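Structural overview
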Amino acid sequence: MSRKLLTLLLFLTVCLAESQNLEWKTDMTDAINVSNEQRKPLLILFTAAGAPETLQNEVFKTADFEKWSKKNVILVRLDLSDPNIDSEIREQNLRLKNAFGIENFPEVCYASATIRKGKTNFNTLGKLAYNSGGVKTWITDSDLILNPE
């Protein structure tokens, strides 16, 4: 009995670890540099404590999203309620929230950005809040933003 339980726990641990291989950047300057190096837009997740976890659970924690995101975007997570970030970064994140017109959490903004002479310029591609339909719908809606016809 304990051998079966141990095997099940090992299997679940491996499955969970595989679905958590996403690299969310929290430093915007670093994210912009990687975005420009790899020529991929930014997927900026604006979130805060108490925000519904539906988007996280039904989209971001799936293998389909992991595969899609690695190919298409640089992931950035800006948690506006994180007590561990310094006040300068918190101010920057609040300015970005306001600049992108984010009103509800969680919400995603797709953008590209450049840094020239110490000044950051963003080009907003689109915004996307959670809509029911799961990861397939999310990816389809994201592709429409990233690849307008």
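Here's a quick rundown of the structure. (Residues numbered from 1 in each chain as written. Predicted model: local features only at pLDDT ≥ 70, side-chain atom pairs only at ≥ 80, totals over all residues. Heavy atoms only, no water.)

Topic: the sheet that holds strand 2 (residues 74-79)
Here we have four strands laid out as an open sheet, ordered 2-1-3-4, and mixed in their pairing. Strands at the two margins of the open sheet, each flanked by one partner only, are strand 2 and strand 4 (119-129). Strand-to-strand twist of the sheet, defined as the mean angle between neighbouring strand axes without regard to direction, takes the value 30 degrees. Here strand 1 (residues 42-47) pairs with strand 3 (residues 107-116) via five bridges, running antiparallel. Considered in strand 3, the bridge of L43 is made with Y110. Relative to strand 1, helix 5 (residues 87-99) is tilted by about 105 degrees, and along the sheet it contacts strand 1, strand 2 and strand 4. (Pairing = 2+ DSSP bridges. Helix = DSSP H or I, 4+ residues; strand = E, 2+ residues; numbered from the N terminus. Axes fitted to C-alpha atoms, helices over the stretch in contact; angles between N-to-C directions. Contact = heavy atoms within 4.5 Å.)

A closer look at the pattern of salt bridges
Scanning the model with the defined rule gives four salt bridges in all. Where E23 meets K25, a salt bridge forms, and the shortest distance between an N and an O atom there is 2.7 Å. Residue class for E23 comes out exposed when judged on its relative accessible area of 54%. Judged by its relative accessible area of 11%, K25 is buried. With its nearest N and O atoms 3.1 Å apart, the salt bridge here joins K70 to E66. One end of the pair, K70, and the other, E66, are both in helix 4 (residues 63-72), four residues apart, so they sit about a helical turn from each other. (Salt bridge = Lys/Arg side-chain N within 4 Å of Asp/Glu carboxyl O. Buried < 20%, exposed > 50% of the residue type's maximum accessible area, 1.4 Å probe, protein only.)

Examining the pairing of strand 4
Pairing of strand 3 with strand 4, which is carried by ten bridges, proceeds in the antiparallel orientation. Bridge pairing links R116 to K119 in strand 4. In this structure, the hairpin formed by strand 3 and strand 4 is closed by a connection of two residues, where K117 is found at a positive phi of approximately 50 degrees.

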